[in-house]
Amino acid sequence: QDFTAGTVHKIFLKRTAVLAVSIRHRLGVWGQKEGSECAWFDDGGVVIEPAAQPEGQLVMRIDSAASGPLETGSRVLPEPLFLNVRLAVAILAANKVGIRRMSADVATSELRVTTIDGALFVFSLRFSPQSLAGPLAQLLEKTPLATIERLDLTVENKLYLTPR
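Residues numbered from 1 in each chain as written. Predicted model: local features only at pLDDT ≥ 70, side-chain atom pairs only at ≥ 80, totals over all residues. Heavy atoms only, no water.

### A few points about helix α1 (residues 79-94)
- In this model α1 runs 22 Å from its N-terminal to its C-terminal C-alpha over 16 residues, within 8% of the 22 Å that 1.5 Å per residue would give.
- Within the span of α1, buried status applies to Leu-81, Phe-82, Asn-84, Val-85, Ala-88, Val-89, Ile-91 and Leu-92.
- In this structure, the buried side of α1 is in contact with β4 (38-41), β6 (61-64), β7 (99-105), β8 (110-115), β9 (120-124) and α2 (133-142).
- Where α1 ends, the next residue or the one after it, Lys-96, has phi of about 60°, a positive value. (Helix = DSSP H or I, 4+ residues; strand = E, 2+ residues; numbered from the N terminus. Expected span 1.5 Å × (residues − 1). Buried < 20%, exposed > 50% of the residue type's maximum accessible area, 1.4 Å probe, protein only. Contact = heavy atoms within 4.5 Å.)

### A short note on the pairing of strand β3 (residues 28-32)
- The buried fraction of β3 is high, at five of five residues.
- By the alternation rule, side chains of β3 split into Gly-28, Trp-30 and Gln-32 and Val-29 and Gly-31, which are all buried.
- By the bridge criterion, four bridges tie β3 to β4 in an arrangement that is antiparallel. The partner of Gly-31 across the bridge, within β4, is Cys-38. (Pairing = 2+ DSSP bridges.)

### Remarks on the pattern of salt bridges
- Counted by the stated rule, this structure contains seven salt bridges.
- A salt bridge links Glu-79 to Arg-75, with the shortest nitrogen-to-oxygen separation between them at 3.8 Å.
- Its salt-bridge partner being Asp-152, residue Arg-150 comes within 3.4 Å of it at the nearest N-O pair.
- Within the structure, one salt-bridge network assembled from shared partners comprises Arg-61, Asp-63 and Arg-101. (Salt bridge = Lys/Arg side-chain N within 4 Å of Asp/Glu carboxyl O.)

Below, the structure is given as structure tokens:
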């Protein structure tokens, strides 16, 4: 197990010490290039340990075209970008959107999400997707995912829909 923080409290009169630690919990698997190295990451985007290639949709997996080793303790993305990844995934989960595949592109600062119904959602990681949560929920209430080819959320405060 990897730990995020630890504190020691010493009680000299009782001759005791209390150690409190926070354990990193696995959030998902980050994959470098298709079929290459994978690693578990936590909710802060920090690599915990190497991982096997996950199959199916039970384990969240995000692929990246970036190269370089996934070293324990390093970040999969810079912190502001990873926070926006988490917000985008939370927005999709709140709208009950089934995710088949996700890929992050650091060069363009984009997260591409392919749904189980085949729709492609493209989020920009340069700004928070939180401002689009309401309009996206309204759109998904009225429009079945099977009728959406692409939903572009790369412009702040705007949704671009390409129907099938």
